[in-house]
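# Reading the structure
Here are the chains, one letter per residue:
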Amino acid sequence: MTLSRTRSAVRAGALTAALAAFLCTTATAVSVASAESPSARPAAVQADVPAGVTAGVAVFDRQTGTFTEQLNTAAQFRSASVVKLLIALDVLWNRSPDALPAADRARIDTMLRGSDDTAASTFWSSNGSGAIVDRMVTRLGLTDTARPPSTHPGYWGYTALSARDTVKIYRHLLDSAPAATRDYILGDLRQSTRCATDGYDQHFGIAGSFNRPWAVKQGWSGFSSGGCTAPTATTAKAAGAAESAGEPAGTDARTPAGADAVDLSRPALHTTGVVGAGDRSIVAVFTLHPGGTPYGKAYTDIGRLTRSLDVPGASRPAGTWVGTWGSGVRVRTQSTTASGAITTLPAGVEVLVGCQKRGQQVSQPPYVNDWWAQLPQYGGYMTNIYLSVPENQVPGVPVC
């Protein structure tokens, strides 16, 4: 495990006042109410956009037919892997999922559940590349969506997309698409894997902010490491070949107006999907972050933004949000380093702590700590030594 700075646990002698002050100012614990009822929240909450982040946000309540959140809804972002929704819908247009060859069904499954790039590139290349986007714009009446810009004609992840068009895509899927198509695609989105096939932790935003039921399609581009490991996850790609850039797959003859103006440089992180019983709310959050932003920081920022939203029907997990430090920090099945590793955390990400208990003593000389935090969203434990709080125990968090 690579450590980025010295972290205190049990104090080996008196800590300096400067260090104590630093740790106190970097603590990021925030309590969250359990299963918060939408009626307990204001009717409309201004999206809390973290400093330095550019965001496009739309939340649509299907029960009332109204938006509860709208911020820069027409702003175009590079879609990253959110465009995989359009790729899948295009494959299934006028075709039942049962009529697809087994290989194509397998590709759609891994493309939607694990955000697999190879599957997306196969469909992109064989089905007309940018023409896929053109067809779906016409079919769904999208206004801000456009094929990749002329400078990157074969990169499906550079398709232009907005928050309001994303709401239209989900509304079509939920209300207009054939039942077999709706159930198939949403079934895959409900089975989104924590670790994507390229080694990125993709349970940020919606997946981290709300209890199930939810169904999500996420997107990321421009980050060097996703900090997630699982038996099925491969090594994360380098920044120059980010998950959602897509691979060059042929050339396109034209580029719709506006696509060339989409920002392709700043790191992008998007969370989209449906939330609540009966898929009550559609949520689309698109974000751009300052150049060089670590994945864990962007992951934390989009989480805070998503949690600030008024999402009717959403149930919010109980616990306390706490910052972490270091890289390669493992989540384990039990409160011991000998137990199996479930995954690693993105470096510096904020985590939800449900409770804490004593376990194996962990040493980071000259400090030691035998307290472990239970992370309900991961189903495991991490040592408290990597939590950004000055004490061994997280204040206000109950003992397991």
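Above: the structure in question.
A brief report on the enclosed structure follows. The numbers attached to residues start from 1 for each chain and follow its sequence in the written order. Where totals are concerned, whole chains, interfaces and linings use all residues; where local detail is concerned, this predicted model gives features only for residues with pLDDT of at least 70, and gives and counts side-chain atom pairs only at 80 or more. Processing note: side-chain calculations cover all non-hydrogen atoms of the structure and skip hydrogens and water entirely.

Most of strand β7 (residues 268-275) is tucked away, with eight of its eight residues classed as buried. Here, a strand pair is defined by DSSP locating no fewer than two bridges between the strands. What counts as a helix is a DSSP run of H or I of at least four residues, what counts as a strand is a run of E of at least two, and both are numbered from the N terminus. Relative to β7, strand β6 (residues 214-221) is paired through eight bridges, and the arrangement is antiparallel. The residue bridging Q218 from the neighbouring strand is T271, located in β7. Where β7 and strand β8 (residues 281-288) come together, eight bridges link them in antiparallel fashion. Considered in β8, the bridge of A268 is made with L288. Only protein chains enter the area calculation, which uses a 1.4 Å probe; residues under 20% of their type maximum are buried, those over 50% are exposed, and those in between are partly exposed.

A word on the packing of helix α2 (residues 84-92) against helix α5 (residues 130-140). To characterise two packed helices, one gives the angle between the axes of the helices and the distance between these axes. Interhelical geometry of α2 versus α5 gives an angle of 80° and a closest axis separation of 10 Å. Considering their axes alone, α2 and α5 lie roughly perpendicular with respect to each other. Across from L86, I87, L89 and D90 in α2, the residues of α5 making contact are I132, R135, M136, R139 and L140. Within the contact of α2 with α5, the residues separate by chemical class into six nonpolar, no polar and three charged. Note on geometry: axes are lines fitted to C-alpha atoms, helical ones only across the stretch in contact, with angles between N-to-C directions running from 0 to 180 degrees. In these notes the angle categories are as follows: under 35 degrees is roughly parallel, over 145 is roughly antiparallel, 65 to 115 is roughly perpendicular, and the rest is oblique. The criterion used for residue contact is that any of the two residues' heavy atoms lie within 4.5 Å. Three residue categories are used. Nonpolar comprises Ala, Val, Leu, Ile, Met, Phe, Trp, Tyr, Cys and Pro, charged comprises Asp, Glu, Lys and Arg, and polar comprises the others, including Gly.

The next point concerns the state of the cysteines. Pairs of cysteine sulfur atoms within 2.5 Å are what we label disulfides. Applying the stated criterion across every chain, the model contains two disulfides. Here C355 engages in a disulfide with C400; their sulfurs sit 1.9 Å apart. The S-S bond linking C355 to C400 shows a torsion near 95°; that makes this disulfide right-handed. With C355 in strand β13 (residues 355-364) and C400 in the segment after β15 (380-383), this residue pair connects regions lying 45 residues apart in the sequence. On the basis of relative accessible area, C355 is assigned to the buried category, the value being 15%. Residue classification places C400 among the partly exposed positions, given a relative accessible area of 44%. Each bonded cysteine of the protein chain is numbered by sequence order, and under that numbering the disulfide pairs are 1-2, 3-4.

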